[in-house]
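# Examining the three-dimensional arrangement
One letter stands for each residue in the lines below.
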Amino acid sequence: NCVIARCAQPMVGLMGKQSKADQLLIEMLRASSDAPDRELLIYDCRSAVAAKANEILGKGSESTRYYTKCRIMQGNIPNIHVVRKSFLQLNEVCTRATHGSDESWLQKLAQTLWLQ
């Protein structure tokens, strides 16, 4: 049994403020699992560098200091906005009613950069 949830980054900033609301959310997610005493994995799709850079803007990432029995793993996606744009292009290519020739479709698929 596992919990999959999508959350925004906590607004901890450079001073490393605590977010009681985020801490409560994590504890509620843990409690919804069939093994609430087990370590909880927090998966951050951003790179560690991107997460750190967001602290300058008052954002940031979770700290295991404030989230007990948690492990944080970075996904190292270079730029989530580029990935989103690529996915939307892929969706367009795959759902368009008329694709033209196979060669044209493969060319459009390659332009999405999704397969890189």
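For the structure itself, consult the block above.
This paragraph deals with a nonpolar patch on the surface. Together, F87, L88, W114 and L115 give the surface a local cluster of nonpolar side chains, amounting to about 450 Å² of exposed area. Within the secondary structure, L88 sits in helix α3 (residues 80-95).

This brings us to the pattern of salt bridges. Within this structure, the stated rule accounts for five salt bridges. D37 is paired through a salt bridge with K69; the nearest N and O atoms lie 4.0 Å apart. Taken as a pair, D37 in the loop between α1 (20-31) and β1 (40-46) and K69 in the loop between α2 (48-56) and β2 (70-77) lie far apart in primary sequence, 32 residues in all. The partner of D44 in a salt bridge is R46, and the shortest N-O contact between them spans 2.6 Å. On the basis of relative accessibility, which here comes to 9%, the residue D44 falls in the buried class. For R46, a relative accessible area of 15% puts it in the buried group.

What follows deals with the pairing of β2. Each regular strand displays side chains that alternate between the two surfaces of the sheet. Here β1 pairs with β2 via six bridges, running parallel. Considered in β2, the bridge of I42 is made with I72. As a crossover connection, the stretch from β1 through α2 into β2 is right-handed.

In this section: the side chain of S47. Looking at where S47 falls in the secondary structure, it is placed in the loop between β1 and α2. Within polar-contact distance, the side chain of S47 engages the backbone nitrogen of A50 at 3.0 Å. With near-sequence residues (within four places) excluded, S47 lies in contact with Q74, N76 and I77.

What counts and how
- Residues numbered from 1 in each chain as written.
- Predicted model: local features only at pLDDT ≥ 70, side-chain atom pairs only at ≥ 80, totals over all residues.
- Heavy atoms only, no water.
- Patch = residues over 30% accessible without salt bridge, like charges linked within 9 Å, V, L, I, M, F, W, Y side chains within 5 Å.
- Areas by Shrake-Rupley, 256 points an atom, 1.4 Å probe, with all protein chains shown as cover.
- Salt bridge = Lys/Arg side-chain N within 4 Å of Asp/Glu carboxyl O.
- Helix = DSSP H or I, 4+ residues; strand = E, 2+ residues; numbered from the N terminus.
- Buried < 20%, exposed > 50% of the residue type's maximum accessible area, 1.4 Å probe, protein only.
- Pairing = 2+ DSSP bridges.
- Right-handed = clockwise from strand over helix to strand, strands pointing away.
- Polar contact = N/O pair within 3.5 Å; in protein donor to acceptor, adjacent residues only side chain to side chain.
- Contact = heavy atoms within 4.5 Å.

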